[in-house]
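One-letter residues, chain by chain:
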Amino acid sequence: MSTDNPTTSVDDADSEVDAAELQALRERVEELEASMAAVDDGDDQQKMTIVATQGSFDMAYPPLILASTAAAFGWEVIVFHTFWGLDILHEEKSQDLKLSAVGNPNMPMPNALAALPGMDAMATKMMQKKIDENGTATIEELIDVSLESGVDLQACQMTIELMEYDEDDFYDGVTTGVGAATAIQHMAESDVQLLV
Amino acid sequence: MSSEYDTTETLDVKGQSCPMPIVKTKQAIDGLEAGNVLEVVATDSGSISDIQGWADGTDGVELLEQVEGDDLYTHYVKKTE
């Protein structure tokens, strides 16, 4: 036995130590990989918070279009609706949002004419017709797809009370009972923050 | 029209404009299996850029090809995972 190749036995001893060290290293690598994966997961999830403050027909579109699109990217999306922006989530009022003809330099009429009774309604009708012809989604459709795709549409509680709305006035799935602090918290965690 | 791709499903968003082609593409992709190819037929000229941007920024999808012709924009999107 003593005549066994000494080189081999030294190698064997070495590889035994190596095996133990290797096992420890493997475990450490696995541990690090797992924690890296956890960190990566956190980074992958993009988040956007939009604060919607406007309730005119034209201004209802941008937050909803951006929200539903970001959700299609797999982002976590919150839209915090406050002041007139709350009307977008109000089931009845959202059907009747108006475009203002006055003070809108893009309107093909002077302000003096635009201020006449019925002009806002007319401008809104014209815009609605264009939207329909262009195949642009309605506000209700955009709210539906946003909610379907997991967008958190939030109704500012203070504004609900200020406008004397009821929590049942809003579309099913709208989050109520939230305030500015909730919005700030989401904004702080977001990659993108927008005020519309 | 359906080309060399073995498309699993065709999504018709003709006549619809931004953001619906993207939103519906995402919904259709969610309903498919990994390896499936979705054909999206749109009339929205913005869909060329939008589908590119969406596919670039979205995990688990690969834009295979976009075909333009006769006011029709056809996109082939593969679900990779």
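For the structure, check the block above.
Cut-offs used in this document
Residues numbered from 1 in each chain as written. Chains lettered and ligands numbered in written order. Predicted model: local features only at pLDDT ≥ 70, side-chain atom pairs only at ≥ 80, totals over all residues. Heavy atoms only, no water. Core = buried A, V, L, I, M, F, W, Y, C linked by side-chain atoms within 4.5 Å. Buried < 20%, exposed > 50% of the residue type's maximum accessible area, 1.4 Å probe, protein only. Helix = DSSP H or I, 4+ residues; strand = E, 2+ residues; numbered from the N terminus. Contact = heavy atoms within 4.5 Å. Salt bridge = Lys/Arg side-chain N within 4 Å of Asp/Glu carboxyl O. Expected span 1.5 Å × (residues − 1). Arc of directions from axis to C-beta.

### Here's the deal with the nonpolar core
Move 1: By size, the foremost hydrophobic cluster in this structure holds 42 residues, and its most contacted members are Val77, Val79, Ile139, Leu142, Leu153 and Phe170 of chain A.
Move 2: Of all the secondary structure elements, the ones that give two or more residues to this core are β1 (47-52), α2 (61-72), β2 (76-81), α4 (119-134), α5 (139-148) and β3 (152-156) of chain A together with α1 (20-30) of chain B.
Move 3: In this structure, isoleucine 139 of chain A is in contact with Phe57, Ala60, Tyr61, Leu64, Ile88 and Leu97 of chain A, ignoring residues within four places of it in sequence.
Move 4: Residues Val13, Ala42, Ala55 and Val77 of chain B belong to the second largest nonpolar core, which totals 15 residues.

### Things to note about the pattern of salt bridges
For side chains bearing opposite charge, pairing can occur when the charged atoms are close.
Move 1: Counting across every chain of the model gives seven salt bridges over all chains.
Move 2: The partner of lysine 129 of chain A in a salt bridge is glutamate 133 of chain A, with the nearest N and O atoms 3.2 Å apart. Linking lysine 129 of chain A with glutamate 133 of chain A, this pair stays in helix α4, spanning four residues, or about one helical turn.
Move 3: A salt bridge links aspartate 30 of chain B to lysine 26 of chain B; its shortest N-O distance comes to 3.3 Å. Of this pair, aspartate 30 of chain B and lysine 26 of chain B are both found in helix α1, four residues apart, which corresponds to roughly one turn of the helix.
Move 4: By relative accessible area, aspartate 30 of chain B is classed as partly exposed at 45%.
Move 5: When its relative accessible area of 19% is taken as the criterion, lysine 26 of chain B is described as buried.
Move 6: One continuous salt-bridge network, built from bridges that share partners, spans Lys47, Glu76 and Glu189 of chain A.

### Focus: α4 of chain A
All names here are of chain A.
Move 1: Taking 1.5 Å of rise per residue, 16 residues should cover 22 Å, and α4 covers 22 Å from first to last C-alpha, within 8% of that figure.
Move 2: Looking only at α4, the buried set comprises Met119, Ala123, Thr124 and Ile131. Considered in projection along α4, the buried side chains sweep an arc of 130 degrees and stay on one side of the axis. In α4, the exposed positions that point more than 90 degrees away from the buried face belong to Lys125, Lys129, Asp132 and Glu133.
Move 3: Looking at the buried residues of α4, the elements they touch are α2 and α3 (111-114).

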